[in-house]
Amino acid sequence: MTDLADRYTAARDIASNAGAMAMSYFSKLDQLIVDVKGHQDFVSEADRNVELAVRAALAKAFPEDGIVGEEGAPTSGSSGYTWVIDPIDGTTNFVNGIPQWCVIIACVHNGQTVIGVVHDPVHDEMHHAVAGGGAFCNDRPIRCSAKPSLREGSLGIGFSGRTHIEGVKRLVDLCCDAGTVFWRNGSGGLSLAYVASGRILGYVEEHMNAWDFLAGHLIVAEAGGRVEPVDADMAIAEGGRVIVAGPGVFDAVIGLAKAAYNV
């Protein structure tokens, strides 16, 4: 437990420092170098340099841990712990000056996510959790919404070029028919944090990479939400579908997702 507690403390400190570094780039976007990785898929020097800083801090604190990040090659470890990081989730927002992006750090042990941190430095909000310890926004305990109907709030929807557009189009139609408001902010990590804090009812995305969702997945579960189970090691290798929601609407949300994605 001491090992886990030390990593939990370090994850929050490193995320905070990474957020400050990212903010320094966000404040001078006119000087930012941006490259295109694919359709609606951007990477900036801020992404690369923040990830390098996070990797260096983790390697210094826990040299025997593995590290997997969005922008760099994975490094193996011998401790059984693997860090999974996204230096800036919501890069399209970031490079266009939209203040909806975050730093994500997760830690995986034995196929389970044991630490999750989603840090939004623009609004000074750090959503975080350790397995079995509850979920928090900064120092405040948080809970998923207890609302029993999709008509009482918004459902977050994510989409990327890794999947066919037909599925998300069906999902939007089904959301409208169900009487809920479909909501998308361009950052899956922040969306999952918003589910954990009760701001939106749930979140659905047909495929997400591990660095985008493992941290938020844990935070939602620790905030009393229901999540479609995932094996974290498999998610690191392949990514996966993400369905999370407050307990009162989870069954309805997973029903919409299955209908939309024909599974």
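Residues numbered from 1 in each chain as written. Predicted model: local features only at pLDDT ≥ 70, side-chain atom pairs only at ≥ 80, totals over all residues. Heavy atoms only, no water.

Caption draft 1: Highlighting the sheet that holds strand β4 (residues 81-89). Strand order in this open sheet of 7 strands is β3-β4-β5-β6-β7-β8-β9, and the pairing throughout is mixed. Where the open sheet ends on each side, the last strands, each with one partner, are β3 (66-69) and β9 (140-141). Here strand β7 (residues 125-130) runs beside strand β8 (residues 135-137); their pairing, made up of 3 bridges, is antiparallel. Note on β8: the bridge partner recorded for H127 is C137. Those strands touched by helix α1 (residues 2-26) are β4, β5 (102-109), β6 (112-120), β7 and β8, and its axis lies near 25° from that of β6. Against the sheet, helix α6 (residues 210-222) touches β3, β4, β5, β6, β7 and β8, its axis set at about 100° to β6. (Pairing = 2+ DSSP bridges. Helix = DSSP H or I, 4+ residues; strand = E, 2+ residues; numbered from the N terminus. Contact = heavy atoms within 4.5 Å. Axes fitted to C-alpha atoms, helices over the stretch in contact; angles between N-to-C directions.)

Caption draft 2: Seen up close, the packing of aromatic side chains. According to the stated counting rule, one finds 5 aromatic pairs in the structure shown. Chaining the aromatic ring pairs together yields one cluster made of F26, F94 and W101. Its end group placed over the ring of Y81, R7 keeps NZ or CZ at 3.9 Å from the ring centre. Geometry around Y8 places R12 over its ring, the cationic atom sitting 3.8 Å from the centre. (Phe/Tyr/Trp six-rings, centres within 6.5 Å; stacked < 30°, edge-to-face > 60°. Lys NZ or Arg CZ within 6 Å of the ring centre and 35° of its normal.)

Caption draft 3: The arrangement of the environment of V68 in detail. Relative to the elements of secondary structure, V68 occurs in strand β3. Given the relative accessible area of 13%, V68 is considered buried. Between the alpha carbons of V68 and I165 there is a distance of 28 Å; along the sequence they are 97 residues apart. Residue contacts for V68: discarding those within four places in its chain leaves R55, P74, T82, W83, V84, I85, W211 and I236. (Buried < 20%, exposed > 50% of the residue type's maximum accessible area, 1.4 Å probe, protein only.)

Caption draft 4: A look at the pattern of salt bridges. With the rule as written, the count across this model stands at 5 salt bridges. Among the ionic pairs, R226 bridges to D251, the shortest N-O distance being 3.2 Å. With R226 in strand β13 (residues 226-227) and D251 in helix α8 (residues 250-261), the pair connects residues that are 25 residues apart, well separated along the chain. Of the residues examined, D251 reaches a relative accessible area of 53% and is grouped as exposed. (Salt bridge = Lys/Arg side-chain N within 4 Å of Asp/Glu carboxyl O.)

Caption draft 5: Structural detail: the layout of surface pockets. In this model, the second largest pocket occupies a volume close to 160 Å³. Taken together, G111, Q112, T113, L214, H217, L218, A221, V227, V230 and A232 make up the lining of the second largest pocket. Elements with a minimum of two residues in the lining of the second largest pocket: β6 and α6. Considering every element that reaches the lining of the second largest pocket, the biggest residue donor is α6, with 4 residues. Residue classes in the lining of the second largest pocket are distributed as 6 nonpolar, 4 polar and no charged. (1 Å grid on protein atoms, 1.4 Å probe; cavity = no way out; pocket = protein on both sides within 12 Å on 5 of 7 lines; lining within 4 Å. Points joined across faces, edges and corners; volume = space filled by probe spheres on them. Nonpolar A, V, L, I, M, F, W, Y, C, P; charged D, E, K, R; others polar.)

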